[in-house]
Every structure is written in C-alpha cells, then in structure tokens.
Amino acid sequence: MPKKFVEKLDRLSSRPMVKYGVYLVAVILFFALILVPPILGIVIKWSSMQEIFGNSQLMNRALDAVKNSFVMAVLVSILDVAAGIPMAWLIARSRSKWANILDTLADVPFIVPTAVLGYSLLLFWYRPEGISAFFGGSLVSPGWFLVALLHFTFSYPVVVRVIVGALLDYKIEYEQAARTLGAPPFTTARTVTFGIIKPSLIAAFILAFARSISETGATMMVAGAFENGPIFIQNTKDVYVGATVFVSLILIVVSCLIFAAVRVLGGKLKLPFKKAWPTVERKISYSSAAMTRNGITLLTFFIIILIPSLFAALPAFKAASTDILHNALLGVYPWGEYWQSLVLSYSLGAAVTVLNVLIGLPMAIIVARKRLGKTSSALNVLVDIPIIVPSVALGVSLRFFWKETLAFIPDILLLVFAHLAITYPYFVRSMSAAVERISIELEEASRTLGAKPFCVFRTVIFPLTKYSMFSGAIMVFTRSVSETGATMAVTSLKTTPVVLVDWVKGKIAATSLEIGLGCGFLILISFIILLALRLIVGGKGRY
Amino acid sequence: MEVKEGISMPDVRLVNVTKKFGKIVAVDNVSLHIKDKEYFSILGPSGCGKTTLLRLIAGLIEPDEGEIYIGDRRVNNVPPEDRDVGFVFQTFALFPHMNAWENVTYGPRVKGFGMQKAERIGHEVLEMVRLHERLDAFPSELSGGMMQRVAVARALAAGAKLLLLDEPLGHLDAKVRNELRYEVRRMTKDLELTAIHVTHDQSEAMAISDRIAVMKKGKVLQVGTPQELYMNPQSIFVANFIGGSNFLEGFIAETKGRMSVIELRGGLKVQAVNKGMGKGERVVLAVRPETFTIKRGKDADENALFGVVERFAFEGTNVRYEVRLENQDLVVVVAPSMACEWFNIGERVTLSFQPENAHLFAYPELGLREELAVE
C-alpha cells in the first residue's frame, strides 16, 4: 500500500466516527447477511408447514430423520472426544520426533474434502476394492453404521486439533504439582488436566456435534436407505416444502437448545475428580498400560481414520495410467462439468475467504476487546450460531429468504451468501481468540508511543495474529470447498463436491475410476493449496 | 498433629549430579548434603541451575549423571509421586478448577488416605496457615499471600517428608514477602520438616536459612551458614552476592606475618589478612560497604583511603555514599543514618577499615568482570 494512503488511513482511524463506523458496518453486515436471513427464511415459509401436520406418514418419516441426526451426532461426538483425547495426549506430550509426523497425519482427513472422504470410506468399507476383499463380501454396507464411521472420521481431526491446542497452552506446572502431591500420571490427567481443559473438551464436542448435524454430501454417498435430517431435506425439498421447513426448523431449534445447554451445564459439569483409586490408577499409569493405550490409539487412527480417508487415492493412481486421465484433461464427458465445478469451487472459496477477512476482522476485534460494551458479549454468543445451525437447514432457509425477498439475486451471489454464513464463525472465532491472547497493554503502549488505531493494528495486532489469520482463512477456505448440503439446497449451481455426489449416486454416468480420479484431483489441489499456505505461514500456522 | 505422624525425617544427598539441556550444563557435578530438619537454601542468580537442582530432587526431571538420595533411599528414576516430597511452585500452581479446600486435600485423596483422614489433615493445615474461613474460595479469589499459604498447606497436607520451595515468595509484594518468609520457616520448624528453598534473594536466604548453598553457572561455589558466607566468603562471587562488596585491585607489596600490605592502583597502600598469596601476586581486595568508617576531612588513620563524596542516597535505615578515591576507583560506603554525621556531595572524606574485615582473593583468571557476572 502506498505510504501516503496508509498514513491517511492511520489519521482517519483516530476519528471516533470512522472507528465506530467500521464496527457498525461489521455488525450490520453480520445481522443482514448471516444471522437474520436464515431466521426470516423459515418465518416466510411458516404457513407451508401445514402440509406435514396433515400427513402422518411424512411426519413420522421427518421425526425419524431428525431423531437419527441427533442420536448420531451425540454418539459420534462422544466417541470422537473419547478417541481424540489419547491421540492428542500422544501428540502434545510425546517427546519423540514421530509425534510431529503424527501431528501432521492427524490433519489428513481435514484436507480431504468431505465428499471425497465419503467416497473414500465407501470404497474402503463397502466396495470389493477395499477391506471387504479380505472378508469375501461387503464388510460394512451403506447405512447408519457407515454414516457413523464417516462422521467419526471427519470430526476426528478437528477434535484432536482442539485438544492438542488446549494441552499445549495448558501450564504443565499443574501436572507437576499433582505428581509431587502423590498422584500417578493417570490420576493427574483425570483429576487435574481434564478438569482444567474442560472448556476445550466441551468445544471439541460441540464442533464434532455441529459437523455431524450439518454434513450432507458425503453422508448421502454412504447412507443407503438411512435417512437423517439433512438427507430428508435433500430428498423432499422439491416435493414437500413444508416438510423441509419443518425439519429445518427442528434441526435449528434443537441444535441451538443443545448448544445452549452444553454451554450452560458444561461449566457446571464436574468431572470425577473428588475420588481417587490409587491402586488401580497406579497400575494403569505406567509403561505397559500406557503402551497398550498408545497402541490402541495408533491402531484406531490408522485403520479407522487414516487409511480409509486416503483410500480414494488408489483408484486415482490406477486411473492415471489409463485413457481416463487423457480424457479428463481434454474435458471429454463427464469431465467438462467437473472442471467448471472445480473453477467454481475454488473461486467461491477464495471469494468467501476474502469477504470473511473484510467483515469478520472488525467483528473479531469487537468481540475480543469488548469494543461495544455489553453488545460485544451478546455478539460473542450470536457469532457461534451459524456453526450450530445445520448447514443444509441454513441453505434451505437462505434460499427461501433471498428468493422470496430479492428474487433477482443471481444464484452465484446466493451461493456466496450461503458459504459466508456457514464459514463466518470459523474466521471470527479464530481471530478473536488470537486477539484476546494479546495483552491489551501492548496496544496501550503503542498508543502512548503515538500510534493511531489503524497503525496499532498494522504494527502490533496484525504481526502478532497473522498466523491465526492464516489459520482462520485456511479453515474458511477448506470448509467452503467441502460444503455440499447448503450448496445443493440453495442453488442448482454445481461445485465439485456436488458433482462428485452426482457421480457416486449415479445421476451422471461415471465409472469408479473416473470418480477416483475426480477425488484425486480435488485432494491434490487442496493439498497443494494448503501446503502453499503452510509454507507462507512458515509452518507455524494451524488450520 | 496428624501431618507429623509417621514422618521419618529425611536428609537429602546429591552425589556428583549433572544435568544437561542440549549443550547447556544446567547442573555441573554437584554434591550436597542437606541434613534432617534443616532449612536449607539454594541461592544464586537467574539461570544458575538452582531450580533445576530442586526439580531433580523432586523427580520432575532426571539427572544425566550422579545419584540422589532421600533418606537412605536412592531415588533416581523414582517418579515424583513416590518421593514423598512437597513442592511449592513459584507460581503456586494451585489447581484453578478446585477451591482452597479441594486443593489442600488433593494429596491425601490421591494417596488414598480415606475421606475422614483427608478431611482431618485438611482442617489441620488450613488452621496452621490461618485460612480456614476461605476454604471455599477458588485460587482466582485469593490474594497472592493467601495463594502462597494454600500452596504451602497443600504441600504439607500430602504428608511430605521434605518440603521443596521454588522461589515461593517471588510473586509477592515486598511487605507480604517479608512476613511470609518467617511464617514458612516457622511452620517447617514446628513440623520438624526438612526444607529446601530456592531463591535469588540473598536477604531472604540469609534471614531464614540454617545453611545456604551459593550457585553459579551450575556449580555450587560455597555451602555454609549465613554468618559463614557473610564473614568468610570463599570466592569473589560469594563476597559480592552475599551482602555486596567493593573490589579494589592491586598486588601484594609486602608480607608481614599473617598480614600483607597491598598496593592498590595509584600507589595507595592498605593492609589485609593474607591467605597464602606471595609478594608481587595480583590480588583483589573485597571490602563490604558497611565495613568502612567514614570521617570528614583527611585523617591519617591506619588503613585509610582518601576521597570525595560523589553521590549520596538516603535509604531510611542507612545512608549510602559513593566516594571517588584518589586513584579514581569508586567505592560504596553504607553508614547507619541515625548514628553518624552525614556528608555532602563534593566533601573530602577519609575511609578506613579493619584489616580483619576485608577479604583478599587471588586475581581471577578470567578477569574481575567475568567473575562478578551474574548471567
């Protein structure tokens, strides 16, 4: 930026009108684009719900789907936290160089777009090319169990990442104090460490829960006859609008209630630290028990998470040695649509990331620094809502809102709004946490040395939070590229995950090698982009 | 008293203990013997290895070489929970999700003492630190002094035979620090515990310790009672770190029996007790600021040095002068503010000292600056 322009911005930023103007615009955009449209979308179609109340068969199907969603989400989230804790412990506490490699490997399912992950799991657990080959039939057929495996897999890296972060931030002296007071390692972890990092365990649970409730595209690939909320919405959205609104409403309301309950009751939830069982806990604290625990953790990780996640790469390699690669590169049917969707997916991801930075950054500062007093505290809670609202329900209500109120809005803009609403909390949360970590005294020191507010941001806040900003941007980007449910609900434009769902579901004729190659391209491009971003942030960024 | 029951008082022995972190030798071949019921301090500047030494004793880290004994038991590779030590951290490390009561009874509970016994001990130690009325308070609701008392109570309640204190007063205000240091000593003496206290504050160590080990760069330079270290420092570093000294460079001009005449820079001559140095040898003479007698004008006292007052500071109990000697060396003189006349800046004065009160050292190989360096 030219120096004079920057100086002008510095000067402008010290004017209260400008400063509060920026904050006001950020708040207005948050309400106008992210929070209000999904609510109004439901309100607009409120009356259409009549149809489901008069159709008991449809009602039962809808309620079953909703029940399936919540049971699955709760179950998978508990399992993810239970499995994520020993893995996170291994990564955060191990002094071995392998811990670094494990750290990177644990992120792999995160870089595999969810639709690809769905196909990959389908291949591994169901198709004869996968593990089923060893059992003379299909080991796991599409249905609720495969959906559970899928949801467990895609939430696992998020849960591990959150807990690793908590363990690394946590002051090791608490553990040392407990050890000197006579607690063996297992008792120390149970009574002290988990008690202190409880908010992070709750956050990990909520994230896993929210992802499970929202995921649509990959779930459709592996669901078979199983129907949960998002699949119900996909199946009925063009036929029974009222049923779609009804299920969306229940998903939104119940998710918000569970979220509120976990936040309120989670703080009061006492982990079992009052009692200790010295003899038993001593036995399970030391080397043989720890080795068994680590062995089971690693086995779970490799067999349930890592290998199935990357299994789609095998047909991709196979396809690369045939004419399919040639046809793909020439854009022969069905590849033309695939390449178009790829351009759309990544341009959309980039646009949504830039928009998030522009409107999310002031909001992150408002929330972290309580710039608007009590309003900031309210915003702090409201910002999380889009994470909890199932994305497919969000997509449905956004379509109702924008199509009913501003019908002339082009589909591409609708897609941007939907992805912005879904990804917004990821960026704001990541940035607000980073800003909160910076001592306010650094800002004050900078101001007393003569820096204007924008200059404080440029010279103090940005350099200290740039890794978090990159991390937030990467989260937004990958989430946008992976998003399927809301995309399908909001428009007929096809992003790559939507195209892959069509291929897998047979809506478009594609061979398994073609699907494999399609998945392979998506993994490869995502990997290259993430690697490039990781190099830019000097390997210190977390996504 | 329950916390005293069944405790056999341990002595602690370190035999040739070395601990390295990469290329840095944090503890370098240290041997120490800390006796039963002794209040022992490890004193040294930041980074000298004193906390590492304490963590080695606690079992929070293991030595690369050497042996550690608590009582008759060799504790190398024994995990911290099996060493029966109480550790008070500099930041207190009170569990933030437990209140004072839960913190204090944590040790008895995880050791399987049984609820009744744990509660009895909890009440006992909270009574001892006078915090009974705050047992429901969480650490965030306690003042620094209260947190420190809970931390000590927690360590005592675990039935520790040995109390390890890592700069336990470092995070407190000066006033509270002064009060609590005597309280901690009193408690350990009442309970007849062995205590090892790490600090960089020499006045704290001097005030409460039975004996002190002075450390520098991973090595123990001298072990002794506070009086021994003050009256008879074995090295320039100890003479400076305990109490502070003026260091005057010179050489032995003459030896007369147990006394030597030292010629300082600029030809000034003073006498000091010789410690085996021969004529012509380069030496450093350490004279404590409070050892000097200061008089107005030029007085022909024995062991007299003449100079001009360059700076003056009133410190309450004492008055501190910086005096420029005739040879341009600058010396610090401390005199009681109530008991002597005061001198003005620019005034000519005579400084004198008893030869027995000065300490003579061979000039250090690496130079005086390096010898005095604290980092």
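Keep in mind it's a predicted model, so treat the numbers as computed, not measured.

Trainee: I'd like a description of the interface of chain A and chain B, backed by residues and values.
Mentor: Between chain A and chain B, the residue contacts involve 26 residues of the former and 27 residues of the latter. For the pairing of chain A and chain B, the buried interface totals around 2,300 Å² over both sides, and the portion due to carbon and sulfur atoms is 59%. Linking chain A with chain B are 2 salt bridges. When the shortest N-O distance is used, the salt bridge between arginine 179 of chain A and glutamate 81 of chain B registers 2.5 Å. Run the count over chain A and chain B and you get 6 residue pairs in polar contact (both at pLDDT 80 or more). The set of elements that each furnish at least two residues to the side of chain A that touches chain B consists of helix H9 (172–180), helix H10 (185–196) and helix H15 (278–283) of chain A.

Trainee: Give a description of the packing of helix H4 (residues 56–93) of chain A against helix H8 (residues 144–169) of chain A that names residues and reports values.
Mentor: Residue and element names in this part refer to chain A. The interhelical angle for the contact between H4 and H8, taken along N-to-C directions, is 40°, at an axis separation of 6 Å. When the interaxial angle is binned, H4 and H8 end up oblique. Between H4 and H8 lies a crossing of right-handed hand. Residue classes in the contact of H4 with H8 are distributed as 22 nonpolar, 3 polar and 2 charged.

Trainee: Would you mind going over the layout of surface pockets in detail, with residue names and values included?
Mentor: Residues and elements named next belong to chain A. Considered as a void within the structure, the second largest pocket measures approximately 1,400 Å³ in volume. The set of elements that each furnish at least two residues to the lining of the second largest pocket consists of H4, H9, H10, helix H11 (198–214) and helix H16 (287–310). The biggest single contributor to the lining of the second largest pocket is H4, with 8 residues. Here the lining of the second largest pocket is built from residues that sort into 22 nonpolar, 8 polar and 8 charged.

Trainee: How would you sum up the nonpolar core? Please name residues and give values.
Mentor: Within the largest apolar cluster, 206 residues are counted, with the highest numbers of intra-cluster contacts made by Met363 of chain A together with Ile196 of chain B. Sorting elements by how many residues they give to this core places H4 of chain A first, with 17 residues. Among residues more than four places away in sequence, those in contact with isoleucine 196 of chain B are Val12, Ile34, Phe40, Ile42, Leu54, Ile57, Leu162, Leu163, Leu164 and Leu165 of chain B. In terms of nonpolar packing, the next biggest core, distinct from the first, is built from 34 residues, Val88, Met128, Leu191 and Ile208 of chain B among them.

Trainee: Give a description of the environment of phenylalanine 457 of chain A that names residues and reports values.
Mentor: Residues and elements named next belong to chain A. Among the structural elements, phenylalanine 457 can be located in helix H25 (residues 453–482). C-alpha separation for the pair phenylalanine 457 and tryptophan 339, spaced 118 residues apart in sequence, amounts to 40 Å. Those residues in contact with phenylalanine 457 that sit more than four places away from it in its chain are Leu361, Ile365, Phe462, Pro463 and Met469.

Trainee: Residue-level account of the pairing of strand S8 (residues 194–199) of chain B, with values.
Mentor: Residue and element names in this part refer to chain B. For S8, a buried count of 6 out of 6 residues is recorded, marking the element as mostly surrounded by other parts of the structure. Here S8 shows no split at all, with Thr194, Ile196 and Val198 on one side and Ala195, His197 and Thr199 on the other all buried. Pairing of strand S3 (residues 39–43) with S8 involves 5 bridges; the strand directions are parallel. When the bridges of S8 are listed, isoleucine 42 appears paired with valine 198. In the sheet, strand S7 (residues 162–166) pairs with S8 via 5 bridges, with the strands oriented parallel.

Trainee: So what's going on with the sheet that holds strand S16 (residues 304–314) of chain B? Which residues, and what values?
Mentor: Residues and elements named next belong to chain B. Strands sit in the order S15-S19-S16-S17-S18 across an open sheet of 5 strands; the sheet is antiparallel. Strands with a single pairing partner mark the edges of an open sheet, and in this sheet they are strand S15 (293–296) and strand S18 (330–336). For this sheet, the mean inter-axis angle between neighbouring strands, taken without regard to orientation, is 45°. Strand direction decides the pairing type here: S16 and strand S19 (residues 348–352), joined by 5 bridges, are antiparallel. Each residue of the ladder has a partner; that of glycine 307, found in S19, is valine 349.

Trainee: Please give an account of the environment of threonine 114 of chain A that cites residues and values.
Mentor: Residue and element names in this part refer to chain A. Along the chain, threonine 114 falls in helix H7 (residues 114–125). Sequence-wise, threonine 114 and serine 482 are 368 residues apart; in three dimensions their C-alpha atoms are separated by 5.5 Å. Residue contacts for threonine 114: discarding those within four places in its chain leaves Phe154, Arg211, Glu215, Ala218 and Ser482.

Trainee: Quick one: what's the story with H9 of chain A, residue by residue and with numbers?
Mentor: Of all 9 residues in H9 of chain A, 8 are buried, a share of seventy percent or more. The complete set of buried residues in H9 of chain A reads Glu173, Tyr174, Glu175, Gln176, Ala177, Ala178, Arg179 and Thr180 of chain A. For H9 of chain A, the elements touching its buried residues are H4 and H10 of chain A together with helix H1 (50–58), strand S6 (85–88), helix H3 (106–110) and helix H5 (144–157) of chain B. Two residues or fewer after H9 of chain A comes glycine 182 of chain A, characterised by a positive phi angle close to 110°.

Trainee: Tell me what's going on with the packing of H5 of chain B against helix H6 (residues 174–190) of chain B, and back it up with residues and numbers.
Mentor: Residue and element names in this part refer to chain B. Interaxial distance between H5 and H6 falls to 11 Å at its minimum, and their mutual angle equals 15°. In terms of their interaxial angle, H5 and H6 are classed as roughly parallel. Crossing handedness for the pair H5 and H6: right-handed. Residues Gly145, Gln148, Arg149, Val152 and Leu156 of H5 form the contact with H6, whose participating residues are Val176, Leu180, Glu183, Val184 and Met187. Classifying every residue of the contact of H5 with H6 by side-chain character gives 6 nonpolar, 2 polar and 2 charged.

Trainee: So, the pattern of salt bridges: which residues are in play, and what are the values?
Mentor: With the rule as written, the count across this model stands at 37 salt bridges over all chains. Across the pair aspartate 384 of chain A and arginine 429 of chain A runs a salt bridge, and its minimum N-O distance is 2.9 Å. Of this pair, aspartate 384 of chain A sits in the loop between helix H20 (374–382) and helix H21 (385–388) while arginine 429 of chain A sits in helix H23 (residues 411–437); the two residues are 45 residues apart in sequence, bridging distant segments of the chain. For aspartate 384 of chain A, a relative accessible area of 9% corresponds to the buried category. Looking at arginine 429 of chain A, the relative accessible area reads 23%, which means it is partly exposed. Between aspartate 64 of chain B and lysine 19 of chain B there is a salt bridge whose closest N-O contact spans 3.9 Å. Note that aspartate 64 of chain B is positioned in the loop between H1 and strand S4 (65–70) and lysine 19 of chain B in strand S1 (residues 12–21), a separation of 45 residues in sequence. Given a relative accessible area of 42%, aspartate 64 of chain B falls into the partly exposed group. Each member of the salt-bridge network shares a partner with another, and the members are Glu337, Lys494 and Asp502 of chain A.

The rules we used
Residue positions are counted from 1 within each chain, in the order its sequence is given. Labels follow written order: the first chain is A, the first ligand is 1, and so on. Given that the model is predicted, a residue must reach a pLDDT of at least 70 before its local features are reported, and side-chain atom pairs must reach 80 or more before they are shown or counted; all residues, however, enter totals for whole chains, interfaces and linings. Computation of side-chain values covers all heavy atoms of the structure but excludes hydrogens and water. Contacts between residues were defined by any pair of non-hydrogen atoms, one from each residue, lying within 4.5 Å. Simply put, the buried area is the total loss of 1.4 Å probe accessible area from both parts when two parts are fitted together. By convention in these notes, a salt bridge is any Lys or Arg side-chain nitrogen within 4 Å of a carboxyl oxygen on Asp or Glu. Identification of polar contacts relies on pairs of N or O atoms within 3.5 Å, with a donor-acceptor requirement for protein atoms, meaning one able to donate a hydrogen and the other able to accept it, and with residues adjacent in sequence counted only if both atoms are side-chain atoms. Secondary structure counts use DSSP, requiring at least four H or I residues in a row for a helix and at least two E residues in a row for a strand, with both numbered from the N terminus. Inter-axis angles, ranging from 0 to 180 degrees, are taken between N-to-C directions of lines fitted to C-alpha atoms, where helices are fitted over the stretch in contact. Our angle categories are set so that under 35 degrees counts as roughly parallel, over 145 as roughly antiparallel, 65 to 115 as roughly perpendicular, and the remainder as oblique. Whether a crossing is left-handed or right-handed is set by the direction in which the near helix is turned from the far one by less than a right angle, anticlockwise for left-handed and clockwise for right-handed. Polar here means any residue outside two lists: the nonpolar Ala, Val, Leu, Ile, Met, Phe, Trp, Tyr, Cys and Pro, and the charged Asp, Glu, Lys and Arg; Gly therefore counts as polar. Computed over the protein atoms alone on a 1 Å grid, cavities are sets of points where a 1.4 Å probe fits but cannot get out and pockets are open sets with protein on both sides within 12 Å along at least five of seven lines; a residue lines them when it has an atom within 4 Å of a point. Grid points are joined across faces, edges and corners, and a volume is the space filled by probe spheres set on the points. Residues enter a nonpolar core if they are buried and are Ala, Val, Leu, Ile, Met, Phe, Trp, Tyr or Cys, with the set joined through side-chain atoms within 4.5 Å. The rule is simple: take the accessible area with a 1.4 Å probe, protein chains only, and divide by the maximum for that residue type; under 20% is buried, over 50% is exposed, in between is partly exposed. DSSP calls a pair of strands paired once it identifies at least 2 bridges connecting them.

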